[in-house]
Amino acid sequence: MAPQRRRVMAQVAMVMNLDKCIGCHTCSVTCKQAWTNRSGLEYVWFNNVETRPGQGYPRTYEDQEKWQGGWVRTRSGRLQLRSGGRFKKLLSIFASPVQPEMHDYYEPWTYDYENLFQSPLSDDFPVARPKSLVTGDDMAITASANWDDSLGGSEASEAADPILVKLREEANLHIKTEYEKTFMFFVPRICEHCLNPSCMASCPSGAIYKREEDGIVLVDQDRCRGWRQCITGCPYKKIYFNHRTGKAEKCHFCYPRLEVGLPTVCSETCVGRLRYIGLILYDPDAVTAAALADDKDLYQAQLDVMLDPRDPQVIADAKASGIQPDWLEAAQRSPVYALIKHFKVALPLHPEYRTMPMVWYVPPLSPVVDLLKDQGHDSEAGGNLFGAIDALRIPLEYLAELFTAGDVEMVRLVLQKLAAMRSYMRDVTLGRPRQPELAAAVGMEERALEQMYRLLAIAKYDERYVIPKAHREDAHNLEEMGCSIDVEGEPGFANDDVFGSSSGRPVPVAIESFAEAKARQRDPGWQ
Amino acid sequence: MDVIAWGLIPYLVFIVFVGGMIWRYRFDQFGWTSRSSQMYESKMLKIGSPLFHYAILAVFFGHVVGLMIPKLWTDAVGISQHNYHLGALWVGGIAGVALLVGLAILIYRRRSNKAVFRATTWNDKIMFLVLGFVIVVGLLATFTGDTTPTGEEHNYRETVSIWFRSLFLFQPDVEAMAASTWQFKLHVLAGMLMIVMVPFTRLIHAFTVPLHFLFRPYIVYRSRGGRRGQSRTTKGRGWEPVRTASEISTKPPKSAR
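Residues numbered from 1 in each chain as written. Chains lettered and ligands numbered in written order. Predicted model: local features only at pLDDT ≥ 70, side-chain atom pairs only at ≥ 80, totals over all residues.

Looking at an unreviewed UniProt entry, one finds chain B named Nitrate reductase-like protein NarX and attributed to Tessaracoccus oleiagri. As its UniProt record puts it under Function (unreviewed entry), chain B is described as follows: "Does not seem to have nitrate reductase activity." Quoted straight from UniProt, the Subcellular location (unreviewed entry) entry for chain B says "Cell membrane". (UniProt positions renumbered as here; feature names shortened; annotations may be inferred.)

For chain A, the name recorded in an unreviewed UniProt entry is Respiratory nitrate reductase beta subunit, with Tessaracoccus oleiagri as its organism. Its UniProt record gives chain A the following Subcellular location (unreviewed entry) comment, quoted word for word: "Cell envelope".

The structure is reproduced here in structure tokens:
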């Protein structure tokens, strides 16, 4: 019997370094302008930035007792959708039992600007009233995707943060909400493009699929029938209902850009340059078993599913599984793999949902640093930082609930690595004697600390985004695919563009098609 | 007249229905959805919608039994006409009333909630009218259709059912249907109108019952090259453009399709 070969698949993944997020929402806005500025999606943000502590968007989505998202492990050790089995789903198809309503997100609105121009002369200044985009009526704005931004109205809204509620109840911790005593950080969120997506598993129509080539999770708009089970199924609530078309829509990792080697819009426009995109190689047949690990082991189980792209056996298996050499090479240079598995400083968001998310986060050291600074300490000194990480229980517990299913030790280790890197590099920068013990204290080599510093602090565009292009042999498909984002009858694009006439249908002018056309013009080998 | 109504129209209805379904499947997969409005309003929907849909399933199977099972068969297993009729009257009557109540809740919900009402197209309104009419006349036929105006007993299983089955043999028994009472005739005509409308209204969502969900694997992989990524939805049926405040306050929303 021939030995069973391990299947290897490639997955596009992202890491966000939360220490660098300033909460400017540029990613959200550019994403919205690119993808969700359409009717029926007014309330939808494929990318949103949440202030933590806070309720998130849609509000309290992390409370899975309420929203029933993700997977649970049954007593018999099987993986089951939290919202119930297949029969239950079909029987309750006529009215979804658990479904966020518009007000759980927010009621979208616009302003009646016309009134500013058309109101007659009078003593009163004309105003542009907010009008609901759903009913068309005047409305009072009481919520939005970032209503509690930067702890705005924190006393009122923070109390409902599901993680705070949990910490209060289980660990008897009370997080102070007074301005001087609190902490905060931002979490930008997109679709996790999970390895074990529960939205996909929930879909009665089978319209949601994972692309074999790059693992991007997409909704087939033709096959979706609008049952909305995916919205219940997704624990991150990152798949949305277009209430005009009656179809589900979600973040698609900007696949038209990715296919030509460009990063997503949110990454491209990120002011803090905190996003990293790269490939992960994984074993698809190990996914289900890994998703069944104990809560605290989930992080390690997910790491184990990811394969080392430099391991000769993995390389052989990957080639046998049809992964092209340039993709293998990209996987070896992947900054995402480096942060997740090599340096082990990136953590998954809510691994306890068991969906195996593929957007990971470097947890922020800033809550600790800020508190130290506020108390008048030298916040960059190694000793202070290490002491503070140990002493400041609250931010740690909070981060652990977000990233490690409550395992504080794991978060502590990551924060210590980041702290060690800061202190070590400060000495380097200031020309003081280096302290190798800092690296040793977190179990790293000095060289590794410097490499990590380079990746986290300096990494240029090409190092942050290592994105292999979709394959040439499929390239003619790409060109035709322009229609998926096509706008009929838009002025400004004729059949022949500046790079000469292209074959096939006209493709709208976009950065993607521009890059393609340019490459075609310069590359004599292009067919 | 009878020949046209009971001999010709049923086949025209069938042709339009099948042709319409093929057309919709081929050119408007994108519009093939129930266009749920649960996002706007959930409370009434959670009562009205399951009530309506489970009732309509019961009514559907009631029709299958009543139309497709010959009287001979039920006689053969010893169910008397009286018992059969009584059973049909009670089960059908309860299902029919539940259906009507469910529809009433859903229509009230559609009218009273502004967001839901704005998402209601003219297409929907006409469809609701026809559907409601079919149900009301159907109930009328169930409760009063068993006696002719002259006071004779009328058993639809000896008229409507025989005609219905004869349609499949392409030898429509026009006389059988003509011998029925006006309640049944009206119900059949209205029903045929509804069937014609199915491919062109939101009723289409009934023909996409996702039974394959019970058998498919949870995780679906699909190759990028597979279907060439091309939507089969035709021009003008895709996403709606953004509307501004003034457009929203003056124009009713266009059909989402």
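J.: Mind showing me how you'd approach the sheet that holds strand S9 (residues 217–219) of chain A here?
T.: Across a sheet, strands are paired by hydrogen bonds formed along the backbone, either parallel or antiparallel in direction. Across the sheet, which stays open at both edges, the three strands sit in the order S9(A)-S8(A)-S1(B) with mixed pairing between neighbours. In this open sheet, the two strands that pair with only one neighbour each are S9 of chain A together with strand S1 (221–222) of chain B. Pairing of strand S8 (residues 208–211) of chain A with S1 of chain B, which is carried by two bridges, proceeds in the parallel orientation. Residue pairing for S1 of chain B: Arg211 of chain A is matched across the bridge by Arg222 of chain B. (Pairing = 2+ DSSP bridges. Helix = DSSP H or I, 4+ residues; strand = E, 2+ residues; numbered from the N terminus.)

J.: What's the story with the sheet that holds strand S12 (residues 275–282) of chain A in this structure? I'm lost.
T.: Residue and element names in this part refer to chain A. Reading across the sheet, the five strands line up as S13-S12-S1-S15-S14 and stay open at both edges, with mixed pairing between neighbours. The sheet is open, and its two borders are formed by strand S13 (306–307) and strand S14 (347–348), each paired with just one other strand. The strands touched by helix H16 (residues 335–342) are strand S1 (9–17), S12, S13 and strand S15 (359–362); relative to S12, the strand with the most contacts, the crossing angle is about 75°. (Contact = placed C-beta atoms within 7 Å. Axes fitted to C-alpha atoms, helices over the stretch in contact; angles between N-to-C directions.)

J.: For this particular structure, what's the right way to read the UniProt feature "domain: NarG-like" (unreviewed entry) in chain B?
T.: The residues that UniProt annotates with the feature "domain: NarG-like" (unreviewed entry) are residues 3–224 of chain B. Along residues 3–224 of chain B the backbone is 66% helical and 1% strand, and the end-to-end C-alpha distance reaches 54 Å.

J.: What should I look at first to understand the packing of helix H19 (residues 393–403) of chain A against helix H20 (residues 408–429) of chain A in this one?
T.: When two helices pack together, their arrangement is given by the angle between the helix axes and by the axis-to-axis distance. All names here are of chain A. The N-to-C vectors of H19 and H20 enclose an angle of 105°; their axes lie 8 Å apart at closest approach. Between H19 and H20, the angle falls in the class roughly perpendicular. Side by side, H19 and H20 meet where Leu396, Glu397, Leu399, Ala400 and Phe403 of the first sit next to Val408, Val411 and Arg412 of the second. Of the residues belonging to the contact of H19 with H20, the class tally is six nonpolar, no polar and two charged. (Parallel < 35°, antiparallel > 145°, perpendicular 65-115°, else oblique. Nonpolar A, V, L, I, M, F, W, Y, C, P; charged D, E, K, R; others polar.)

J.: Looking at this structure, I do not really get the environment of Arg244 of chain A. What am I missing?
T.: Within the secondary structure, Arg244 of chain A sits in the loop between strand S10 (239–242) and strand S11 (247–250). With 21 C-beta atoms counted inside 10 Å, the residue Arg244 of chain A sits in the buried group. (Buried ≥ 20, exposed ≤ 12 C-beta atoms within 10 Å, placed from the backbone.)

J.: Is there a simple way to explain the UniProt feature "binding site: heme b 1" (unreviewed entry) in chain B in this structure?
T.: Residue and element names in this part refer to chain B. Those residues carrying the UniProt feature "binding site: heme b 1" (unreviewed entry) are His53, His63 and His205 in this numbering. Summarising the element assignment, His53 is placed in helix H2 (residues 43–68). Structurally, the position occupied by His63 is in helix H2. A count of 15 C-beta atoms within 10 Å places His63 in the partly exposed class.

J.: What's the story with the nonpolar core in this structure? I'm lost.
T.: Side chains of nonpolar character tend, in soluble globular proteins, to be buried together. Grouped together as the largest cluster of nonpolar side chains are 147 residues, with contacts concentrated most on Val15, Leu281, Val336 and Leu339 of chain A. Here this core takes ten residues from H20 of chain A, the largest share from any one element. If we ignore the near neighbours within four places in the chain, the residues touching Val336 of chain A are Ala13, Met14, Val15, Tyr276, Ile277, Gly278 and Ile280 of chain A. Formed by 22 residues, the second largest nonpolar core is a distinct cluster that contains Ala55, Ala95, Ala141 and Phe184 of chain B. (Core = buried A, V, L, I, M, F, W, Y, C linked by C-beta atoms within 7 Å.)

J.: Would you take a moment to explain helix H7 (residues 160–168) of chain B for this structure?
T.: Because each turn of an α-helix spans 3.6 residues, side chains separated by three or four positions end up pointing in the same direction. Residues and elements named next belong to chain B. Within H7 the residues assigned to the buried category are Val160, Ser161, Trp163 and Phe164. For H7, the arc enclosing every buried residue in end-on projection is 165°, short of the 170-degree limit, so these residues lie on one face. Buried residues along H7 sit in contact with helix H1 (2–27), H2, helix H8 (174–178) and helix H9 (182–197). (Arc of directions from axis to C-beta.)

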